[in-house]
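Here is how the chains run, residue by residue.
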Amino acid sequence: LNGTGPVHPALAGMTGILMCAAGLPVCLTRAPKPILHPPPVSKSDIKPVPGVNGICRKTKKKQLKKSKTPEDVVRRYIQKVKNPPDEDCTICMERLGPPLGVLSPRGIKPELVGKLGKCGHMYHLLCLLAMYNNGNKDGSLQCPTCKAIYGEKTGTQPPGKMEFHLIPHSLPGYTDSKTIRIVYDIPTGIQGPEHPNPGKKFTARGFPRHCYLPDNEKGRKVLKLLIVAWDRRLIFTIGTSNTTGESDTVVWNEIHHKTEFGSNLTGHGYPDPNYLDNVLAELLAQGVSEATL
């Protein structure tokens, strides 16, 4: 019974016991382990990544900026619509007319409808205001229909350090290239006002986390954009781990990384010919593109 096949290990083990009891020959092999790290690298072999400034980025405790009021932010990105079409607001799923029983904060009338400038999608202004107040309140707005981002989106990543450098080993599928290694390190701490449970401790499991990119033109482009995403606190967030179910812990934030160096047994390694294009699309969805470089 080959451990690399689709058979669940427990089922394979029970099948083996039954076959032994029946006097049939059984051959058990161990499933291969993922190769998470490269061979040892001396300090003298570690080099800066060509075309990328520096080798490290640090972030400190987030300081909440005194920005414009939520009403001012919403007004900045919309145009008022005098005669809204006969369709639903996809936030509240009511017609683009006056929502019933809604109070009017700071002069925004319930019947007012706004159209977002770039994408043209329309919503009640009060619905956009409620959506903004339930988010990160960073001065940016994201269309709930097409995900177009207005302004500069920032996240709630806790303080930490991002290092990046070149190592003299190749990834599977990129045998002609060296490898870019990224090392993220975030310590445990106390949640701030932007986190799910302000004042409560959060954990940071599995740090430092090592991630890998091929040292080619597209790999260096991805690295530059990941640095922008790190500076905007978009790589990690505090939430509930999909792996362990632990809450109030540091988790990835919708930008996938390759943490397996020499294999792809977990799906987090190489070869994966689509990965670089996929992660560029994920970065774009967070508002991080070549235009930000």
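Every residue gets a number counted from 1 within its own chain, in the order that chain's sequence is written. Where totals are concerned, whole chains, interfaces and linings use all residues; where local detail is concerned, this predicted model gives features only for residues with pLDDT of at least 70, and gives and counts side-chain atom pairs only at 80 or more. Side-chain figures throughout are based on the complete set of non-hydrogen atoms in the structure, without hydrogens or water.

Where an unreviewed UniProt entry is consulted, the chain appears under the name E3 ubiquitin-protein ligase, with the organism given as Acanthisitta chloris. Of the chain, the UniProt comment under Pathway (unreviewed entry) reads exactly: "Protein modification; protein ubiquitination." UniProt positions are given in the numbering used here, feature names are shortened, and annotations may be inferred rather than shown by experiment. Of the chain, the UniProt comment under Sequence similarities (unreviewed entry) reads exactly: "Belongs to the Deltex family."

The subject of this paragraph is the sheet that holds strand β3 (residues 113-116). Any two strands with at least two DSSP-identified bridges between them are counted as paired. Segments assigned H or I by DSSP are reported as helices when at least four residues long, segments assigned E as strands when at least two residues long, and all are numbered from the N terminus. Strand order in the open sheet made by the three strands is β2-β3-β4, with antiparallel pairing throughout. Pairing within the sheet leaves two strands with one partner each, and these edge strands are β2 (78-81) and β4 (122-124). The sheet shows a mean angle of 40° between the axes of neighbouring strands, taken without regard to direction. Where β3 lies against β4, three bridges are found, and the strand directions are antiparallel. Each residue of the ladder has a partner; that of Gly114, found in β4, is Tyr123. Across the sheet, helix α2 (residues 70-77) touches β2 and β3, and the angle it forms with β2 is around 80°. Working rule for contacts: check all heavy atoms of both residues, and any pair within 4.5 Å makes them a contact. Here an axis means a line fitted to C-alpha atoms, over the contact stretch when the element is a helix, while the angle between two N-to-C directions is reported on a 0 to 180 degree scale. Packing of helix α3 (residues 125-133) onto the sheet brings it into contact with β2, β3 and β4, and relative to β4 it is tilted by some 85°.

What follows deals with the sheet that holds strand β11 (residues 209-214). Spatial ordering of the open sheet is given by β1-β7-β8-β11, a layout of four strands whose pairing is antiparallel. The outermost strands of the open sheet, each flanked by one partner alone, are β1 (56-59) and β11. Strand-to-strand, the axes of this sheet are offset by a mean angle of 15°, without reference to chain direction. Relative to strand β8 (residues 179-185), strand β7 (residues 160-167) runs antiparallel, the two sharing seven bridges. In the strand pairing of β8, Leu166 is matched with Ile180.

Residue pairs three or four apart in sequence face the same way in an α-helix, which turns once every 3.6 residues. When accessible area is computed with a 1.4 Å probe and restricted to protein chains, residues below 20% of their type maximum are described as buried, those above 50% as exposed, and intermediate ones as partly exposed. Those residues of helix α5 (residues 275-285) that fall on the buried side of the exposure criterion are Tyr275, Leu276, Val279, Leu280, Glu282 and Leu283. Summarising the axial view, the buried residues of α5 lie within an arc of 160°, below the 170-degree limit, and thus occupy one face. Those residues of α5 that are buried lie in contact with β11 and α4 (217-231). Of the residues one or two after α5, Gly287 is the one with positive phi, at around 85°. What the arc describes is the spread of directions from the helix axis to the C-beta atoms.

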